[in-house]
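Here's the letter readout for the chains.
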Amino acid sequence: MDYQQLLLKPKTLALLTASSTIGYYLYKFFTTPNIPEDEGGAFKFVDIDPSLLNQSVQVKKERYVKPDGSQVPILVLVGTEYGLSHEVAKKLEDQINELTGFWARVVDMEEYEIIEFEKEQVVLIITSTYGDGVPPTTARPFFDYLDANQFQYQHIQFCVLALGDRSYPHYCKAGKMMDASFERFNAKRINHRQEVDQEDWSVFDKWIQNVCNIIPKLEGLEPRADDYLYEKAKSFALNQGKHNKKKPYLSKLVQKKKLTQGQDRDVFHFEFELGDSELKFIPGDALAILPDNQKSEVLKVIKLLKSSPTQKVNTPSWHYQETDQTNPSQITLEHILTKCYDLHNLKPELLTTLRDHAKVASEKEKLAKLLEAGTSKTNESLHKFLEIHHLVDVLEMFPSARPSLDDLLSQLSKLLPRYYSIASSMDHDSKNVALCVAVVKYQLHGSERIGVASTHMADRMAIGDRVSIFVNNNPDFRLPEDPKTPIIMIGPGTGIAPFIAFLQQRLLQENSGENHLFFGCRKSTEDFLYSNELKQWESENKLKLYTAFSRETSQKIYVQNRLEENSLEISNLLQAGAHIYICGDANSMAPQVHETLVNIITKHQSMDQADAELYLHRLEKQKRYQKDTWF
Ligand SMILES: Cc1cc2nc3c(=O)[nH]c(=O)nc-3n(C[C@H](O)[C@H](O)[C@H](O)COP(=O)(O)O)c2cc1C
């Protein structure tokens, strides 16, 4: 996986490793031009993609006709952070709706309050796991609600698909919790819990197929005109804030400042206006940016497809229309390749389609070889290939393989939002939201490649230009409730971003405790981000700043070296109840910082290493040790 091209935010790992979609769907309802609502042509509630509004092209109309009482309603309940679970749920919904006599609809766990479980007969649960084995952020209230109650769900038949990643200690924990809750409520399991390691469509598809085979054989199901979700969902939609993940805000860029000197790597400070968006965030939260792909790359793809930028194609279901205008059923190829599709992270199924259409034998053979061990994650050479090849590369490598445009597009992933830690506090500036972003550029196959969102902001946006944004809460990265509590922040490079927000907030609080910041970069003259602000706060005794410049001395100095040098002070602060925060690259820095902290505790608190680990683990559980790391 090409880590570099994407992001700067922790949870973006999901975008890289797992997810190929995002749920910024709106709560809205179908009003297809062909079937007016008052003629009974509307509309089952599903958690609807904005673009599906007024869009009848690629949906089967009959799916959305209000149930007439001849079908059994099936609830597909989804907990997702970045949308992969939602994508699987939509596929399941589609396939159930192909079955005669069943009517499935997807509901996000976020809206659990609209569900009347006493009316449900079949509940199919799909959820991912995040953080330290916790449910997706917006699904947490639903998990808490189930935890706090003892319901009787004997009338419900259920099963669980748990998405996760084996490299985490609490593999698929949220799915396991859901499974246990429904079991505790005496619901009847219709299939064993399926756990899935990362994005593996071969397992998803098999599970969907399995469930679709099981459903028609279930006993005791009653057809029902169960449209209660329709009205409820409407009021839920009205109660939502004006702008959110499902309805991003089209914000104007109001500040763009380069924070670095020299040629190596550019880092920018950006500010976007909040206008009347009513977007709210607190220090620790992240901002999502919905980027555009680079025009030259889009045009190259179109040329390789021997098509034209103005070619009209079906509007993808997730296309977000920022204005109140209806979403056209067809848009130009250039537009959708710019806004809707991921041109870098390719699905294995794309190669299958190319293989099936390759006319030249050598191309067909090469593709067949790549695919001979299947499309699942176990086919390492295939996945290595996909990590380092973008759409332009495969189109160049296999010029004879040209499926129809519709077929090709259907094998591309959605272009996902990118998440960045917010670098400002609303109490300090309520009108704008700030980001600190490293511009991602690198070489691949002899040509320059770019990170989509960072270059969108840095190279393709001028002051006054607009981009869609929404706030992503990060409840696991928060300042202490008591402002008097001292804090230790460790944030090299762009890991400084949330700490600028923290500091702005703390400096506004009366009698706030000590602020210690460990910052590291290459050179004090090149990439010392926010140096003016930090030095100013330091000179006013509001901040104790520890800097590590790795390329200024013969021996490289990193933040962990500064931590070691100040080990007694850190140990004392921890014993005095300080909260400690790490933000930065999980691969290169977080483990070393953690190890250094263990050593510090071992040294000054007379513990052995195992006890020191346990001590930090306890701090983590008490939310006194929080990490916001990215990969
Ligand atoms: C920051 C982060 C933390 C994660 N934590 C866990 C975890 O504790 N256990 C697990 O099984 N998977 C974990 N995952 C993996 C996700 O559950 C997995 O990528 C899933 O497919 C995402 O699905 P979604 O897009 O529907 O949210 C984590 C992923 C990220 C990015």
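Residues numbered from 1 in each chain as written. Predicted model: local features only at pLDDT ≥ 70, side-chain atom pairs only at ≥ 80, totals over all residues.

A. Molecular detail of the overall build of the protein. Within the protein one finds 20 helices and 21 strands. In the protein, which comprises 631 residues, the proportion classed as buried is 44%. Sequence separation of 24 or more characterises 76% of the internal contacts of the protein that already satisfy a separation of 6 or more. (Helix = DSSP H or I, 4+ residues; strand = E, 2+ residues; numbered from the N terminus. Buried ≥ 20, exposed ≤ 12 C-beta atoms within 10 Å, placed from the backbone. Contact = placed C-beta atoms within 7 Å.)

B. Quick peek at the packing of helix 9 (residues 348-357) against helix 10 (residues 361-371). Two elements in contact, helix 9 and helix 10, have axes whose closest approach is 9 Å; the angle formed by their N-to-C orientations is 145 degrees. The element helix 9 and its partner helix 10 pack so that their crossing is left-handed. When helix 9 is examined against helix 10, the residues Leu351, Thr352, Leu354 and Arg355 are found in contact with a partner set consisting of Lys364, Leu367, Ala368, Leu370 and Leu371. Residue composition of the contact of helix 9 with helix 10, grouped by class: six nonpolar, one polar and two charged. (Axes fitted to C-alpha atoms, helices over the stretch in contact; angles between N-to-C directions. Left-handed = near helix turned anticlockwise from the far one by under 90°. Nonpolar A, V, L, I, M, F, W, Y, C, P; charged D, E, K, R; others polar.)

C. Structural context of unusual backbone geometry. Positive phi outside glycine occurs at Tyr530, with the angle close to 55 degrees. Tracing the backbone through its elements, the reader meets Tyr530 in the loop between strand 18 (515-521) and helix 16 (531-539). Unusually for a residue other than glycine, Asn541 sits at a positive phi of about 60 degrees. The topology assignment puts Asn541 in the loop between helix 16 and strand 19 (544-549).

D. Focus on the sheet that holds strand 20 (residues 579-585). Strand order in the open sheet formed by five strands is 19-18-17-20-21, with parallel pairing between adjacent strands. The open sheet has two edge strands, strand 19 and strand 21 (625-630), and neither has a second partner. Adjacent strand axes in the sheet meet at a mean angle of 10 degrees, parallel and antiparallel pairs treated alike. Looking at chain direction, strand 17 (residues 487-490) and strand 18 are connected through four bridges and run parallel. Across the sheet, the residue bridging to Ile487 is Asn515, located in strand 18. (Pairing = 2+ DSSP bridges.)

E. The sheet that holds strand 12 (residues 418-421), seen in detail. Pairing is antiparallel in the open sheet, where six strands are placed in the order 12-9-16-7-8-13. Each edge of the open sheet is held by one strand with a lone partner, namely strand 12 and strand 13 (432-438). With strand direction ignored, the average angle separating the axes of adjacent strands in the sheet is 40 degrees. One ladder, built from seven bridges, connects strand 8 (residues 267-273) with strand 13; its direction is antiparallel. Bridge assignment links Phe272 to a residue of strand 13, and that residue is Val433.

F. Representation of the environment of Leu616. Mapped onto the fold, Leu616 is located in helix 20 (residues 609-621). Accessibility expressed as a C-beta count within 10 Å gives 18 for Leu616, which makes it partly exposed. The spatial distance from the C-alpha of Leu616 to the C-alpha of Glu120 is 44 Å, given a sequence separation of 496 residues. Not counting residues within four places of it along the chain, the set of residues in contact with Leu616 comprises Leu597, Val598, Ile601 and Tyr625.

G. Region of interest: helix 14 (residues 452-459). Judged by how many residues are buried, helix 14 sits mostly within the fold: seven of eight residues are covered. Those residues of helix 14 that sit buried are Val452, Ala453, Ser454, Thr455, His456, Met457 and Ala458.

H. Inspection of the environment of Val301 at higher detail. Here Val301 shows up in helix 7 (residues 295-304). Setting aside anything within four residues of it in sequence, one finds Val301 in contact with Leu337, Leu343, Leu391, Val392 and Leu395.

I. Representation of the packing of helix 18 (residues 567-575) against helix 19 (residues 590-604). Put simply, helix 18 and helix 19 touch, their axes get as near as 9 Å, and they point 85 degrees apart. Viewed along their axes, helix 18 and helix 19 adopt a mutual orientation that is roughly perpendicular. Residue-level inspection shows Ser567, Leu568, Ile570 and Ser571 of helix 18 in contact with helix 19, the latter providing Ile600, Ile601, Lys603 and His604. Tallied by class, residues from the contact of helix 18 with helix 19 come to four nonpolar, three polar and one charged. (Parallel < 35°, antiparallel > 145°, perpendicular 65-115°, else oblique.)

J. The nonpolar core, seen in detail. Ranked by size, the top nonpolar core spans 73 residues in total, and within it Leu287, Ile289, Leu435 and Met489 carry the most contacts. The residues contacting Ile289, other than those within four sequence positions of it, are Pro417, Arg418, Tyr420, Ala453, Met457, Val467 and Ile469. Formed by 68 residues, the second largest nonpolar core is a distinct cluster that contains Met177, Ala187, Leu343 and Leu415. (Core = buried A, V, L, I, M, F, W, Y, C linked by C-beta atoms within 7 Å.)

Keep in mind that these numbers describe shape and distance, not what the molecule does.
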